[in-house]
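# Examination of the molecular architecture
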Amino acid sequence: MFEVADPPEIVLFFGRFHPLLVHLPIGFLLIAFLLELFSRFQRYQSIRHAVSFVLFLGAWSSILAAGLGYFLSLGGGYDEDALALHQWMGIGTAIAALGALLLKTRLNNQASRLKERIYVLTLSLTVVLMMGAGHYGGSLTHGSDYLTTYFPTSLESFTGGSTGKNKKVKVITNLPEAVVYTDIIQPIFDSRCISCHNPTKQKGDLRLEAFAGLQAGGKGGSVVEAGQAYRSELYKRLLLPPEDEHAMPPKGKEPLTESELQLIAWWINEGGAAAGKKVKELAQTPSVKLALANYTAGNKWENPVFAKKIAHAPEQVLQAADRAGFLVMPLAKGQPFLQVQRKTGAPVPEDLSALAPLAEQLVALDLNGTPVSDSLLAAIGTFGNLTRLYLQNTQATDASISQLVNLPNLEYLNLYGNPITDKGIMLLAKIPHLQKLYLWKTKVTPAGVAALQQKQQELQIIIGNSIETEVKDQQPSVAQSE
């Protein structure tokens, strides 16, 4: 296809609509094919009149999808061979669909056996090309083995090929003898990163399906600096807030767990060795030992909140919270635990009284961008089962922080963009399970971060590149100390 060195942003913007619109021609063309097929039976002859209209929608939507797909491809990051197959099959689908539409129109005006045969062949070819384009599109998005990863084991003998199941995270039964990269780090990449960094889709020109790709680096060069997790581009992007456009995994995809982040930092700080090094050969802090425990059978740590037997919230209580401007959602299907955020455009709440009846079920609260008063945060202190609290850009102060020490199960706290100082964050050392703390764009100093880190060595503090280096100069970070 035609290459454009620096495509305009507006072109890339419209290209992002390709995944949204590409399903329209798939649906229309399949329906047109089925209508044509069934209309040949006496019983369903009446539906033949609908074929032309549905085929018309399928042909023109396929042309639109093909055009937007070309715009999307200009952003780069895809395997050229797979992309070429996807593109040409997509274009072929649009041309064949348009041809089938023209033939169908002529048949309606003047029927002949030869035209009928050519029309049927063209329509069939359209469906075949569309299926091929869809397959390669799925491979570009999810990886070439996406379709076969969970292929039933009992049927493998019929295919004679690998199903890709060997990429599932395996439980390690002999942890000291486990090879750090092969048995621990690569499985994390396989489960979290591979869909965007594989042989057919290389976002940022980076491949993570094997160590060789990691060594080769990405568009900006090396992504791992041995011994320096916080200076490694790969690790820095994993720590970015979800709203950052460079955050990895991107917004909408499941982020890495605290344990996974700790293990990647540990592996990099210990030299980023590819092969040979076993777990028992590398130094381990208590936090690393805890993270490693997640990879051994029956030893996974979970917040004690989720072991509690809690009833589901009454429907009238949920409705009252909804009327008060809160979006209440279950943490997982069938579970009583809830996550709550203020609805977009809803008035700023004067208090959290509408959430008080949900204190037992509430485990995640998002007040991002909501101005909070000290009295409002005092109410948060009564939600003892909170594990995640999002207070970025809320004007929270040191006095506000003092209310949070009553949250013993809090694991995650985001204070991005608030006038918090060193005095305020020292109070957080009293929260026993706090594992991750965001302090970007606060008034916290490198000395304050270092002091908190000294009290909470297992706490992961994300402070941004601006003062990160200064902190590192004063005291080894969590990752470095590991």
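All figures in this text were calculated on a predicted structure; none of them were measured in a lab.

Each value, and the rule that gives it
Residues numbered from 1 in each chain as written. Predicted model: local features only at pLDDT ≥ 70, side-chain atom pairs only at ≥ 80, totals over all residues. Heavy atoms only, no water. Helix = DSSP H or I, 4+ residues; strand = E, 2+ residues; numbered from the N terminus. Buried < 20%, exposed > 50% of the residue type's maximum accessible area, 1.4 Å probe, protein only. Core = buried A, V, L, I, M, F, W, Y, C linked by side-chain atoms within 4.5 Å. Phe/Tyr/Trp six-rings, centres within 6.5 Å; stacked < 30°, edge-to-face > 60°. Lys NZ or Arg CZ within 6 Å of the ring centre and 35° of its normal. Salt bridge = Lys/Arg side-chain N within 4 Å of Asp/Glu carboxyl O. Pairing = 2+ DSSP bridges. Axes fitted to C-alpha atoms, helices over the stretch in contact; angles between N-to-C directions. Parallel < 35°, antiparallel > 145°, perpendicular 65-115°, else oblique. Left-handed = near helix turned anticlockwise from the far one by under 90°. Contact = heavy atoms within 4.5 Å. Nonpolar A, V, L, I, M, F, W, Y, C, P; charged D, E, K, R; others polar. Polar contact = N/O pair within 3.5 Å; in protein donor to acceptor, adjacent residues only side chain to side chain. pLDDT = per-residue confidence, 0-100. Patch = residues over 30% accessible without salt bridge, like charges linked within 9 Å, V, L, I, M, F, W, Y side chains within 5 Å. Areas by Shrake-Rupley, 256 points an atom, 1.4 Å probe, with all protein chains shown as cover.

On to the overall build of the protein chain, then. When you go through the protein chain residue by residue, the secondary structure sums to 19 helices and 7 strands. Taken over 482 residues, the protein chain has a buried fraction of 44%.

In this section: the nonpolar core. Within the largest apolar cluster, 43 residues are counted, with the highest numbers of intra-cluster contacts made by Phe189, Leu214, Ile264 and Trp267. Sorting the residues of this core by element identifies α8 (180-192), α9 (211-216), α10 (233-239), α11 (258-269) and α12 (286-293) as the ones contributing at least two each. Among the elements that take part in this core, α11 stands out by supplying 7 residues, more than any other. Counting 40 residues, the second largest nonpolar core, distinct from the first, contains Val317, Ala396, Ile431 and Leu459.

Looking now at unusual backbone geometry. The backbone phi angle of Gln395 is positive, close to 65°, even though this residue is not glycine. Position of Gln395 among the secondary structure elements: in the loop between β4 (388-390) and α15 (398-401). For Lys441, which is not a glycine, the phi torsion comes out positive at approximately 55°. If you trace the backbone, Lys441 turns up in the loop between β6 (436-438) and α17 (446-455).

On inspection of all chains with the given rule, the structure shows 13 aromatic pairs. Taking the centre distance of 5.4 Å and the plane angle of 40° together, the rings of Tyr181 and Trp267 count as tilted. Separated by 86 residues along the polypeptide, Tyr181 in helix α8 and Trp267 in helix α11 bring together distant segments of the chain. The interplanar angle of 45° and the centroid separation of 5.0 Å between the aromatic rings of Tyr390 and Tyr412 together place this pair among those described as tilted. In this pair, Tyr390 sits in strand β4 while Tyr412 sits in strand β5 (residues 412-414), placing the two residues 22 residues apart along the sequence. No difference in accessibility class separates Tyr390 from Tyr412, as the two residues are buried. When the ring centre of Tyr412 is taken as origin, the NZ or CZ atom of Arg388, which lies over that ring, is 4.1 Å away.

The next subject is the environment of Ser195. Summarising the element assignment, Ser195 is placed in the loop between α8 and α9. Of the residues examined, Ser195 reaches a relative accessible area of 19% and is grouped as buried. Spatially, the C-alpha atoms of Ser195 and Leu140 are 8.6 Å apart, while their sequence positions differ by 55 residues.

Let us look at the pattern of salt bridges. Two side chains that carry opposite charge are able to pair once their charged atoms sit near each other. Across all of its chains, the model carries 9 salt bridges by this definition. Here Arg40 ties to Glu116 by a salt bridge, and the two come within 2.4 Å at their closest N and O atoms. Taken together, the residues Arg40 in the loop between α3 (23-38) and α4 (51-73) and Glu116 in helix α6 (residues 113-142) connect sequence positions 76 residues apart. The exposure class of Arg40 is partly exposed, given its relative accessible area of 39%. A salt bridge links Arg207 to Glu209, with the nearest nitrogen and oxygen atoms 2.5 Å apart. Residues participating in the shared-partner salt-bridge network are Glu36, Arg40, Lys104 and Glu116.

Pairing is mixed across the open sheet formed by 7 strands, whose spatial order is β1-β2-β3-β4-β5-β6-β7. Two strands close off the open sheet at either side, each with one partner strand: β1 (326-330) and β7 (460-462). Each strand axis lies, on average, 15° off the axis of its neighbour in the sheet, ignoring direction.

This paragraph deals with the packing of α8 against α11. For the pair α8 and α11, interaxial distance at closest approach is 11 Å and the crossing angle is 130°. One way to sum up the angle between α8 and α11 is to call them oblique. Along this stretch, α8 crosses α11, giving a crossing that reads as left-handed. On α11, the residues touching Val180, Tyr181, Ile184, Ile185, Ile188, Phe189, Ser191 and Arg192 of α8 are Glu260, Leu263, Ile264, Trp266 and Trp267. Considered class by class, the residues forming the contact of α8 with α11 number 10 nonpolar, 1 polar and 2 charged.

A few words now on the side chain of His18. Relative to the helices and strands, His18 is located in helix α2 (residues 18-21). Polar contacts involving the side chain of His18 include one to the main-chain carbonyl oxygen of Ala65, which spans 2.9 Å. Setting aside residues up to four positions removed in sequence, His18 forms contacts with Ala65, Leu68, Gly69, Leu72 and His86.

We now examine the packing of α3 against α4. Relative orientation of the contacting elements α3 and α4 amounts to 150°, with a least axis distance of 8 Å. By the angle between their directions, the pair α3 and α4 is classed as roughly antiparallel. Crossing hand, α3 versus α4: left-handed. Between α3 and α4, the residues in contact are Leu24, Pro25, Phe28, Leu29, Ile31, Ala32, Leu35 and Glu36 and Val51, Val54, Leu55, Leu57, Gly58, Ala59, Ser61, Ser62 and Ala65, respectively. Along the lines of polarity and charge, the residues of the contact of α3 with α4 split into 13 nonpolar, 3 polar and 1 charged.

Another point: the confidence of the model for the protein chain. Averaged over all residues, the pLDDT of the protein chain is 80; the fraction at 70 or higher stands at 83%. The secondary structure element of the protein chain with the lowest average pLDDT is helix α19 (residues 478-481), at 35, and the one with the highest is α3, at 92. Low confidence marks residues 160-167, where pLDDT is under 50. Its contacts with residues over four positions away, or in another chain, come to 15 contacts.

A separate point is the side chain of Thr122. Among the secondary structure elements, Thr122 is positioned in helix α6. In this structure the side chain of Thr122 is engaged in a polar contact, spanning 2.7 Å, whose partner is the backbone oxygen of Ile118. Apart from the residues within four sequence positions on either side, Thr122 is in contact with Ala96, Gly99, Ala100 and Leu103.

Time to look at the environment of Gly220. Tracing the backbone through its elements, the reader meets Gly220 in the loop between α9 and α10. Classification of Gly220 by relative accessible area gives exposed; the value is 81%. For the pair Gly220 and Gly204, spaced 16 residues apart in sequence, the C-alpha separation works out to 8.0 Å.

A cluster of nonpolar residues, Ile10, Phe13, Phe14, Phe17 and Leu20, forms a patch on the protein surface that exposes about 500 Å² of accessible area. Counting residues per element, the nonpolar patch draws most heavily on helix α1 (residues 9-15), which supplies 3 residues. Its location among the elements puts Ile10 in helix α1.

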